[in-house]
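# A look at the structure
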Amino acid sequence: MHTHHLERALQLAQAQAHITPPNPSVGCVLVRDDGAVIGEGATQATGGAHAEVMALRDAQARGHEVRGGTAYVTLEPCAHQGRTGPCCDALVQAGIAKVLASTEDPNPLVGGQGFARLRAAGIHVEILPLDHPLALASRELNIGFFSRMLRGKPWLRMKIAASLDGQTALENGQSQWITSEPARADGHAWRARAGAILTGIGTVLEDHPRLDVRLFDTPRQPPLVVVDSRMETPLDAPLFIPGRQVLIYAAVPDAAKQAALEQQGATVVLLPGASQKVDLAAMTQDLFKRGIHEVHVEAGHKLNGSLVREGLIDEFLVYLAPKMLGAGRGMLNIGPLTELTQGLDLSFSSVERIGPDLRVLARIQGHDDFLR
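The notes below deal with the structure included here. These numbers come from a predicted model, not from an experiment.

Attention shifts here to helix H11 (residues 301-309). Along an α-helix, residues three or four apart share an orientation, since each turn contains 3.6 residues. Looking at H11, one finds that the buried residues are Leu 303, Asn 304, Gly 305, Ser 306, Leu 307 and Val 308. On its buried side, H11 packs onto strand E6 (155-163), strand E8 (196-200), strand E9 (224-227), helix H10 (280-289), strand E12 (294-297) and strand E13 (315-321).

A few words on the sheet that holds strand E1 (residues 27-31). With mixed pairing, five strands are arranged side by side in an open sheet as E2-E1-E3-E4-E5. Strands with a single pairing partner mark the edges of an open sheet, and in this sheet they are strand E2 (37-42) and strand E5 (124-127). When strand polarity is set aside, the average angle formed by the axes of neighbouring strands in this sheet is 15°. Two elements, E1 and strand E3 (residues 70-73), share four bridges in a ladder whose sense is antiparallel. Counterpart to Leu 30 in the pairing with E3 is Ala 71.

Right, let's get into the packing of aromatic side chains. Applying the stated criterion across every chain yields a total of two aromatic pairs. An angle of 65° between the planes, with centres 5.9 Å apart, marks the rings of Trp 155 and Phe 370 as edge-to-face. Placement of Trp 155 in strand E6 and of Phe 370 in the segment after strand E16 (357-364) is noted, with a sequence separation of 215 residues between them. Accessibility expressed as a relative area gives 16% for Phe 370, which makes it buried. Of note, Arg 184 hangs over the ring of Trp 177, and the distance from its end group to the ring centre comes to 4.5 Å.

What follows concerns the sheet that holds E9. The strand order across the open sheet built from nine strands is E11-E10-E9-E8-E12-E6-E13-E16-E15, with neighbouring strands paired in mixed fashion. At either margin of the open sheet sits one strand with a lone partner, and together these are strand E11 (266-270) and strand E15 (346-354). Direction aside, the axes of adjacent strands within the sheet are offset by 20° on average. Pairing between E9 and strand E10 (residues 246-250): four bridges, direction parallel.

Within the element layout of this structure, Ala 51 appears in helix H2 (residues 51-62). Of the residues examined, Ala 51 reaches a relative accessible area of 0% and is grouped as buried. Separated by 38 residues in sequence, Ala 51 and Ala 13 have C-alpha atoms that sit 8.3 Å apart. If we ignore the near neighbours within four places in the chain, the residues touching Ala 51 are Val 26, Gly 27, Cys 28, Gly 41, Ala 42 and Thr 43.

Our next topic: unusual backbone geometry. Each neighbour pair has its own omega, and for Pro 21 with Pro 22 the value is 10°, a cis peptide bond. Relative to the assigned elements, Pro 22 resides in the loop between helix H1 (3-16) and E1. A cis amide bond, omega 0°, links Gln 176 with the succeeding residue Trp 177. With respect to the element layout, Trp 177 can be found in the loop between strand E7 (169-170) and helix H7 (181-193). Unlike most non-glycine residues, His 208 shows phi in positive territory, near 50°. The topology assignment puts His 208 in the loop between helix H8 (201-207) and E9. Given the relative accessible area of 52%, His 208 is considered exposed.

Conventions and cut-offs
Counting restarts for each chain, with residues numbered from 1 along the sequence as it is written. Totals for whole chains, interfaces and linings use every residue, but because this is a predicted model, local features are given only for residues with pLDDT of at least 70 and side-chain atom pairs only at 80 or more, for both listing and counting. Think of the side-chain values as coming from all heavy atoms in the structure, minus any hydrogens and water. Think of it in three bands: residues with accessible area under 20% of the maximum for their type are buried, residues over 50% are exposed, and the middle band is partly exposed, with areas taken using a 1.4 Å probe on protein chains only. Strands here are runs of E lasting at least two residues and helices are runs of H or I lasting at least four, both read from the DSSP assignment and numbered beginning at the N terminus. Throughout, a contact is declared for two residues whenever any of their heavy atoms are within 4.5 Å. Strand pairing is defined by DSSP finding a minimum of two bridges between the two strands. Fitted lines through C-alpha atoms serve as axes, helices being fitted only where they are in contact, and the angles separating the N-to-C directions of these axes extend from 0 to 180 degrees. Each aromatic pair joins two rings of Phe, Tyr and Trp (for Trp, the six-membered one) with centres within 6.5 Å, and gets the label stacked for planes under 30 degrees apart, edge-to-face for over 60, and tilted for any other angle. Here, a charge over a ring means that NZ of Lys or CZ of Arg falls within 6 Å of the ring centre while also lying within 35 degrees of the ring normal.

Shown next as C-alpha cells:
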C-alpha cells in the first residue's frame, strides 16, 4: 500500500477539522494507475459533501478520468443516507477500482458496511492494520467521534493556562494574561475543532468572557455550554453572540429567568443533582444525545475539580507560562488527598513549545484504550 497518499489524505482531513463537527473529518486522494494524483478532497461543513465526493469533483474539474483509479481515504466510506448520499455508492458509480483506507468507521450505521458494499461491487479494498501509525492518527484526529460511537460519551478535554507553579489566577481572581498570545491563539485553534465549549457560571460572572473563536480563522462558532445551577447568567452577558447556540444547564427551577434566557436565544436544560447542583454525568449524556463528540472545557478550579472527581474528564490541555505566581488559584480542586496513590494518573501525549510557553497534552490513563 502506498501510504504516502494516505499521509496526504490525513493532511487534508486535519486542515478541515475545525469545520466538520458533528461529522468526522476525512480526507481522500484519487490516484491513477500510473501513480498520478488526479483528485483531492476533504469533508465539508455540516450538510456539505464528504471527502470522497469532493475528490471526485476535483478530478472532474481537472478534466481527469477516474474510472479504474484508486481512492485513498482516512475513514471507511459511509454506506448510509444522511444529509448526503452514501460515499461508497459515489465511488462505485465513478468506476473506482481500488479503495485503500486508514481505518474502519465506528458508526454502527456504517461499521464495515461501506467496505462490504464496495467489495460487492467488485472493488478491491485494503485497510491498514489497527496499530499502523496512520490508522491511529486517523482515529486520533476524530477522537471525539470514536469516543461517542465506541464509549457512548463525548471526549472531554480540559484546557488550563497556568504559571509554572500551577496557578491559574492570583488570589484576587486576576488571570489575564498568564500565558502568551501564541498560546492563546493555539488555544483558540483547539476551541475551533470542538463540538462544544463548556464553562461554569463562576467564570461567566468573574471574567465576562465571550468564549468564542477569535484568534483562529473559522466560519464556525462551536456551541457554548454553561453549567449554571441557579440560572445566574446575566441576560446581557457577552457570551450571547448572534447565531451561536448556547446551552445552559441548571438545577434550580426559575420559570421567569428561564423564559428570559430563552428569549436571549439560550436553551435551558434542568438536570438537578445533589445539593442543588447540576448533575454533571447526566449533562454529559445529554450532550451525547445532542450529537456532540468533543467538549472543550474552559472553567474555574471548582468546576474543573467536580468534572475530574466524577470521572468525566479524559484529557488535559495545559499551557504553562515561564513565571511563578506564588499563592493563587490552582488548576482544579480535587483534594485534599491523604495518600499519593489517590492522585490522578496521567500519561503525556505531547509536550511542545508554543511561543515562550509550554503546551502539555496529558490523558487519564486508560481513557483512550478504545482507540487501540
